[in-house]
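Survey of secondary and tertiary structure
Here is what each chain is made of, one letter per residue.
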Amino acid sequence: MSSSEPPETLSLTSSVLYNTALSSLSLPPQSPPSHPLTPPLSSLPHSKLIPKTRFIVDGFKHSDSNFSVSYFLSHFHSDHYTGLTPQWSKGIIYCSSITARLLHQILKIPQPFIFLLPLSQPVFIDGSEVSLINANHCPGAVQFLFKVPVDSKSKGNDDSEGNNNVIKFEKYLHTGDFRYCHEMKNETMLSEFVGADAVFLDTTYCHPKFLFPSQEESIDHIVGVIQKISGENEGENAKNVLFLVATYVIGKEKILMEISRRCKKKIHVDSRKMSVLSVLGLEESGVFTVDESKTDVHVVGWNVLGETWPYFRPNFLKMKEVMSERGYSKVVGFVPTGWTYEVKRNKFAVRTMDSFEIHLVPYSEHSNYNELREYVKFLKPKRVIPTVGLDVEKIDSKHADTMQKHFAGLVDEMAIKQEFLMGFLRHGAQVVDPKVEKDPVSALDNFPVLEDDGTLCAPNCCNDVEVGSDTGIFISST
Ligand SMILES: [Zn+2]
């Protein structure tokens, strides 16, 4: 092959990779998954299974190698990898290269079960085309794009020349956890997924009350506070100020890198955090140190400065302990949290007591409400499937319905109407004009309209039609 030709797309078969992994670990081989594709495992939430495949995304606790040996991990946060242990042997885990390193080095998952996939480069897995794009969440976090071939001989799939073997795809986008940013619209792989069959969406902050500033604005605030307090405490009567930043094991590294760059300070971390940073390739940056005496900016665990859920409760006692242990006379803490009730009242809330102050900074690696709506508006999918929430694991849950209503008017309404119509035909056609059954397409023009608030309204009728939570569909008179 000449160098000018594009590289051939990698084609993988999970069951082959899986048996190779088993044999390299001297484990007995397994025959390929034998369960039928549908119905899937009853315990498996629909938000974790890509339709018409055996692909399970962030669903390791539902693993069953009789159904699937093809698992996808969007990023290295524990609520997404629950079920993974050093004894994992249920299937191949597809993920980004950073996540692959974290899985092996931090979680001790046997290397043969991990298959890293490149960013923005399609790969065929079990016959479907799979691509990874950046999720703007923690390091290594990706969104998965799936192009799934569907039955090409079904009626209506003929091309203009009458061939009935045209390959048709269903397209699914799984965001994992993500923070939308405008650059995502320029991602060439994504343009193909405008009008996708479904978007599995990170709905962590899917409510109008969840509006928070950009990451840049929040970082500016933190840097500004450090610079101001450092400036005030220079000279003779200066207090010896310790700055504490609360973080998880992974995530929010951007804040630390920016504090270091703009305040010209190193960042102290403990050895566990340093081992994670070294997997991320950040140990060599010179930004971080495990020597406490080298800097007055120290990273602490998430709950050291106080509990954040359901509202913030500061832990000044702990701060006092840290202050005297480390030999300082004032402590300024930062809690970069996604959203709290305090943030609703005051964008940058501060709690103070004696020589202590805690800044609650709305810094999120999840999309806020407007960003979620902007992404859905751009993608205009046929439907949105929420992946985060109280009750999203039940397909018809009231909670899932409520979330979907936030995207009414942004999804492909025609597709919704068609599926709504099919629901009508299944659930009792007597309420629909008889001609609908003979000619569903022409009947769509007279079909209920999806309003901004998510209700479906019949234009020539006095009935309001709503998507119900229990029965699927119901009609209520007004
Ligand atoms: Zn996450």
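Rules used in this analysis
Residues numbered from 1 in each chain as written. Predicted model: local features only at pLDDT ≥ 70, side-chain atom pairs only at ≥ 80, totals over all residues. Helix = DSSP H or I, 4+ residues; strand = E, 2+ residues; numbered from the N terminus. Buried ≥ 20, exposed ≤ 12 C-beta atoms within 10 Å, placed from the backbone. Contact = placed C-beta atoms within 7 Å. Core = buried A, V, L, I, M, F, W, Y, C linked by C-beta atoms within 7 Å. Arc of directions from axis to C-beta. Pairing = 2+ DSSP bridges. Axes fitted to C-alpha atoms, helices over the stretch in contact; angles between N-to-C directions. Parallel < 35°, antiparallel > 145°, perpendicular 65-115°, else oblique. Left-handed = near helix turned anticlockwise from the far one by under 90°. Nonpolar A, V, L, I, M, F, W, Y, C, P; charged D, E, K, R; others polar. pLDDT = per-residue confidence, 0-100.

Attention now moves to the overall build of the chain. Scanning the chain from terminus to terminus reveals 14 helices and 24 strands. Taken across its 478 residues, the chain has 37% of its residues classed as buried. Taking the contacts inside the chain whose residues are at least 6 apart along the sequence as the reference set, 61% of them involve residues at least 24 apart.

In this section: the nonpolar core. Side chains of nonpolar character tend, in soluble globular proteins, to be buried together. By size, the foremost hydrophobic cluster in this structure holds 100 residues, and its most contacted members are Phe72, Ile92, Ile93, Tyr94, Leu244 and Val245. Setting aside residues up to four positions removed in sequence, Ile93 forms contacts with Tyr71, Leu73, Leu103, Ile109, Phe113, Ile114 and Phe115.

Glancing now at helix H7 (residues 271-279). Each turn of an α-helix holds 3.6 residues, which means side chains three or four residues apart point in the same direction. Residues of H7 that are buried include every one of Lys273, Val276, Leu277 and Val279, and no others. Down the axis of H7, the buried side of the element spans an arc of 155°, and every buried residue falls inside it. Just past H7, the residue Gly281 takes up positive phi, approximately 80°.

Moving on to the environment of Leu107. For Leu107, the position within the fold is in the loop between helix H3 (97-105) and strand S5 (114-116). Judged by local crowding, Leu107 falls into the partly exposed class, with 15 C-beta atoms found within 10 Å. Leave out the neighbours within four places in its chain, and Leu107 touches Leu84 and Leu102.

This paragraph deals with the sheet that holds strand S20 (residues 384-386). Strand order in the open sheet made by the 7 strands is S1-S6-S7-S8-S9-S10-S20, with mixed pairing throughout. This sheet does not close on itself; its edge strands, each paired only once, are strand S1 (11-12) and S20. Bridge count for S1 against strand S6 (residues 123-125) is 2 bridges, and the pairing is parallel. Looking at the pairing, Leu12 lines up with Ile125 of S6.

Not every positive phi belongs to a glycine, and Asp126 is a case in point at roughly 50°. Residue position: Asp126 is located in the loop between S6 and strand S7 (128-134). At Asn136, a residue that is not glycine, the phi angle is positive and equals roughly 50°. Here Asn136 falls in the partly exposed class, since 19 other C-beta atoms lie within 10 Å of it.

Take helix H6 (residues 253-263) next. Of all the positions in H6, only Glu253, Ile255, Leu256 and Ile259 are classed as buried. All buried residues of H6 project into a common sector of 165° when viewed along the axis, lining one side. Taken together, the buried residues of H6 touch helix H5 (215-232), strand S11 (241-246), strand S12 (267-268), strand S14 (297-300) and strand S17 (330-337).

Looking now at the sheet that holds strand S4 (residues 92-95). An order of S2-S3-S4-S5 is seen for the 4 strands of this open sheet, with the pairing classed as parallel. Either end of the sheet is taken by a strand with one partner, and the two such strands are strand S2 (56-57) and S5. In terms of strand pairing, S2 meets strand S3 (residues 70-72) through 2 bridges, oriented parallel. Residue pairing across strands places Ile56 opposite Tyr71, the latter belonging to S3.

Geometry of a packed helix pair, given as the angle between the helix axes and the separation of the axes. Running from amino to carboxyl end, H5 crosses H6 at an angle of 45°, the nearest separation of the two axes being 10 Å. Classed by the angle they form, the pair H5 and H6 counts as oblique. Pair H5 / H6 crosses with right-handed handedness. Across the interface between the two elements, Gln215, Ile219, Ile222, Val223, Ile226 and Gln227 from H5 touch Lys254, Ile255, Glu258, Ile259, Arg262 and Cys263 from H6. Of the residues belonging to the contact of H5 with H6, the class tally is 7 nonpolar, 2 polar and 3 charged.

Attention now goes to the environment of Leu116. You can see Leu116 is positioned in strand S5. With 17 C-beta atoms counted inside 10 Å, the residue Leu116 sits in the partly exposed group. For Leu116 and Ile98, which are 18 residues apart along the polypeptide, the C-alpha to C-alpha distance reads 8.5 Å. With sequence-adjacent residues up to four places away left out, Leu116 is seen in contact with Cys95, Ser96, Ser97 and Ala100.

We now examine the pairing of strand S10 (residues 198-201). Burial of S10 is two-sided: the residues Ala198 and Phe200 facing one way and the residues Val199 and Leu201 facing the other way are all buried. Two strands pair when backbone bridges link them, and strand S9 (residues 168-174) and S10 are joined in this way by 3 bridges, in the parallel orientation. Looking at S10, one finds that Leu173 is bridged to Val199. Two elements, S10 and S20, share 3 bridges in a ladder whose sense is parallel.

As a further point, take the pairing of strand S8 (residues 142-150). Each regular strand shows side chains that alternate between the opposite faces of the sheet. In the sheet, S7 pairs with S8 via 6 bridges, with the strands oriented antiparallel. Across the sheet, Ile133 pairs through a bridge with Gln143, a residue of S8. Relative to S9, S8 runs antiparallel, the two being bridged by 7 bridges. Its bridge partner lying in S9, Lys147 is registered against Lys171.

Further remarks concern the environment of Ser78. Following the sequence through the fold, Ser78 ends up in helix H2 (residues 78-81). Ser78 sits in the exposed class, given 11 other C-beta atoms within 10 Å. In this structure the C-alpha to C-alpha distance between Ser78 and Val249, which are 171 residues apart in sequence, comes to 9.8 Å.

Any segment with low pLDDT has predicted coordinates that should not be analysed in fine detail. Taken as a whole, the chain shows an average pLDDT of 81; of its residues, 76% reach a score of 70 or greater. For residues 154-162, every residue scores under 50 in pLDDT, and the model assigns this stretch 8 contacts once sequence neighbours within four places are set aside.

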